[in-house]
Amino acid sequence: MGFFFWKKKQEPQSTEGEISPPLSDSSLNPSPRNKDRKTQKAEKYFNKGLEYLNGLYGKDRALQQFINAGNLGYIDAIHYIGLCYFKGYGTPSNPERAVEIWQKNVLKKNPLTQYMLGYCYFHGIGIEKNRIVARAYLKTAEALGNTDASILLKEDIPSQASSASENYQPSV
């Protein structure tokens, strides 16, 4: 027999005086059954992009997969679009464009984005070198769990910059 999708699911009915159990919180738990098609499609594009970056099928094809995921609202894909521009995967290397993309995504508190912006400001790649701004981004990345940010923070950063960066908040 086939499945009958058009039949309405019957809700359990409680008898008078009996307390019915609360509805399950399964809608709060992201499982494949509860995700909408758009999210599933975005994740599929994103995962395919990661496969391409890891060397399957060629890194140059990763950018388009991340763009597809980003267009469907997958936030983590935005970081990887910037990474493709930074490294030149699927497009000529363009650190300025990568920094521009990451700056638009910085409020999402992605530790990789925070680290890459700090790295670019620290070394002056794609944007003017600014150790104070770099330190602010790197501290945020470190607080979000990025260990590479901790390593870069230990490098030669002028001591007078540390006091100024305590009050600096990156702007978007």
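As the structure is a prediction and not an experimental result, all values here were calculated from the model.

Before going further, it helps to spend a moment on helix H4 (residues 95-105). Turning to H4, its buried residues are Pro-95, Ala-98, Val-99, Ile-101, Trp-102 and Asn-105. One side of H4 carries all its buried residues, which in axial view fall inside an arc of 165°.

Core analysis: the biggest nonpolar cluster contains 36 residues, and Phe-46, Leu-53, Phe-66, Trp-102 and Tyr-115 have the highest contact counts within it. Among the secondary structure elements, those contributing two or more residues to this core are helix H1 (37-53), helix H2 (62-71), helix H3 (75-87), H4, helix H5 (111-123), helix H6 (131-143) and helix H7 (147-153). If one sorts the elements of this core by residue count, H3 sits on top with seven residues. Apart from the residues lying within four places of it in its own chain, the contact partners of Leu-53 are Lys-59, Ala-62, Phe-66, Tyr-80, Leu-83 and Tyr-89.

Where H3 contacts H4, the axes come no closer than 7 Å and their chain directions differ by 165°. Between H3 and H4, the angle falls in the class roughly antiparallel. When the axes of H3 and H4 are compared, the crossing they make is left-handed. Two secondary-structure elements touch here, H3 through Ile-75, Ile-78, His-79, Ile-81, Gly-82, Leu-83, Tyr-85 and Phe-86 and H4 through Pro-95, Arg-97, Ala-98, Ile-101, Trp-102 and Asn-105.

Cut-offs used in this document
- Residues numbered from 1 in each chain as written.
- Predicted model: local features only at pLDDT ≥ 70, side-chain atom pairs only at ≥ 80, totals over all residues.
- Heavy atoms only, no water.
- Buried < 20%, exposed > 50% of the residue type's maximum accessible area, 1.4 Å probe, protein only.
- Helix = DSSP H or I, 4+ residues; strand = E, 2+ residues; numbered from the N terminus.
- Arc of directions from axis to C-beta.
- Core = buried A, V, L, I, M, F, W, Y, C linked by side-chain atoms within 4.5 Å.
- Contact = heavy atoms within 4.5 Å.
- Axes fitted to C-alpha atoms, helices over the stretch in contact; angles between N-to-C directions.
- Parallel < 35°, antiparallel > 145°, perpendicular 65-115°, else oblique.
- Left-handed = near helix turned anticlockwise from the far one by under 90°.

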